Amino acid sequence: MSQIDFGFTKFFGRIILVVFIGLVALTGGICIFDSQGIQRRENGLISEFQAITHPKETQQLDFNLRHKIVRRWIDAEYRYKLSSTELESYYDQELLKKGWIKEPINEKGDEQFRYFKYKKGDYEIIFRPYKDIWIIQVYLRDFYDKLG
């Protein structure tokens, strides 16, 4: 009985190893053979971020283009002189006219932790409060995002 259990465990372990090696090879192949595609994705992400018009008297504190293998995203920090409700209303008007769609979120809880997000194709923007600043994160949610 224990020989059967050991054989099954060994077989299952080999399957996991083969799947892992396959994912690593696929990701490595994409990085090597589709580097121009990855660069286009990164440029598209930057363009979508730069197209955002912010309210007057907005102070940008930080900007980071981040990556993980083939995945790219932007983190930026801003300080606003608007309340959370005014800020959300402003971006509703600004982004909806540019083709973004507001995604429903869980609005329960303290306003300090309330965030809002928008989608446009494979792009997603999340506005998240943190202490006295807001963090804006822009993601590209496509096939590559699932690999990286």
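Here we summarise the structure given alongside this text. Within each chain, residues carry numbers counting from 1 in the order of the written sequence. Local features are withheld for residues below a pLDDT of 70 in this predicted model, meaning they are given only at 70 or higher, and side-chain atom pairs are given and counted only at 80 or more; totals for whole chains, interfaces and linings count all residues. Based on all heavy atoms of the structure, the side-chain values leave hydrogens and waters out of the count.

## Details of the overall build of the chain
Inference 1: By definition, any uninterrupted DSSP run of H or I lasting at least four residues is a helix, any uninterrupted run of E lasting at least two residues is a strand, and each is numbered from the N terminus. When helices and strands are tallied, the chain shows 4 helices and 6 strands.
Inference 2: Taken from the N to the C terminus, the helices and strands of the chain come in the order α-α-β-β-α-β-β-β-β-α.
Inference 3: Think of it in three bands: with a 1.4 Å probe and only protein chains considered, a residue is buried below 20% of the maximum accessible area for its type, exposed above 50%, and partly exposed in between. When burial is assessed residue by residue, the chain has 36% of its 148 residues classed as buried.
Inference 4: Residues count as neighbours in contact if any of their non-hydrogen atoms are within 4.5 Å of one another. Sequence separation of at least 24 residues holds for 52% of the intrachain contacts in the chain that already meet a minimum separation of 6.
Inference 5: Residue burial considers only the protein chains on display, and all accessible areas are found by Shrake-Rupley using a 1.4 Å probe. Split by element, the accessible area of the chain, about 9,800 Å² in all, is 58% carbon and sulfur.

## Overview of the pairing of strand 2 (residues 71–79)
Inference 1: Counting buried positions over the 9 residues of strand 2 gives 7, a clear majority of the element.
Inference 2: Pairing of strand 1 (residues 59–68) with strand 2 involves 9 bridges; the strand directions are antiparallel. If you follow Phe 63 over to strand 2, its bridge partner there is Ala 76.
Inference 3: Two elements, strand 2 and strand 6 (residues 133–140), share 6 bridges in a ladder whose sense is antiparallel. Residue pairing in the sheet places Tyr 78 in a bridge with Trp 134 of strand 6. Any two strands are treated as partners once DSSP identifies two or more bridges connecting them.

## Brief notes about the nonpolar core
Nonpolar side chains in soluble globular proteins tend to end up buried together.
Inference 1: Buried residues of nine kinds, namely Ala, Val, Leu, Ile, Met, Phe, Trp, Tyr and Cys, make up a nonpolar core once their side-chain atoms join them within 4.5 Å. The biggest cluster of nonpolar side chains holds 21 residues, and the ones touching the most others in it are Tyr 91, Phe 127 and Ile 136.
Inference 2: Put simply, the parts of the chain that give this core at least two residues each are helix 2 (35–50), strand 2, helix 3 (84–96), strand 4 (116–120), strand 5 (123–130) and strand 6.
Inference 3: If one sorts the elements of this core by residue count, strand 6 sits on top with 4 residues.

## Quick look at the sheet that holds strand 6
Inference 1: In spatial order, the strands read 1-2-6-5-4-3; together these 6 strands make up an open sheet with antiparallel pairing. Each having just a single partner strand, strand 1 and strand 3 (101–103) make up the two edges of the open sheet. The sheet shows a mean angle of 20° between the axes of neighbouring strands, direction not considered. Here an angle of 0 to 180 degrees is reported between the N-to-C directions of two axes, which are lines fitted to C-alpha atoms, with helices fitted over the stretch in contact.

## A closer look at the environment of Arg 114
Inference 1: For Arg 114, the position within the fold is in the loop between strand 3 and strand 4.
Inference 2: Once the C-alpha coordinates of Arg 114 and Thr 85 are considered, the two residues, 29 residues apart in sequence, prove to be 9.9 Å apart.

## Quick notes on the packing of aromatic side chains
Inference 1: Ring pairs are drawn from Phe, Tyr and Trp, using the six-membered ring of Trp, whenever the two centres fall within 6.5 Å, and their geometry is named by plane angle: stacked under 30 degrees, edge-to-face over 60, tilted for the rest. This model, assessed by the stated rule, comprises 9 aromatic pairs.
Inference 2: Both rings, one in Phe 49 and one in Phe 63, keep their centres 5.3 Å apart while their planes meet at 50°; by these two values the pair is tilted. Pair noted here: Phe 49 is in helix 2 and Phe 63 is in strand 1, with a separation of 14 residues, a long-range link.
Inference 3: Overall, the relative accessible area of 7% leaves Phe 49 in the buried class.
Inference 4: On the accessibility criterion, Phe 63 (35% relative accessible area) is partly exposed.
Inference 5: Taken together, a centroid distance of 6.1 Å and an interplanar angle of 90° make the contact between Phe 116 and Tyr 118 edge-to-face.
Inference 6: With a relative accessible area of 0%, Tyr 118 lands in the buried category.
Inference 7: One aromatic cluster in this structure is built from Tyr 78, Tyr 80, Tyr 90, Tyr 91, Phe 116, Tyr 118, Phe 127 and Trp 134.
Inference 8: Charges are assigned to positions over rings by a cutoff of 6 Å between ring centre and Lys NZ or Arg CZ, combined with an angular limit of 35 degrees from the ring normal. Here Arg 128 stacks its cationic end above the ring of Tyr 115, 5.1 Å away from the centre of that ring.

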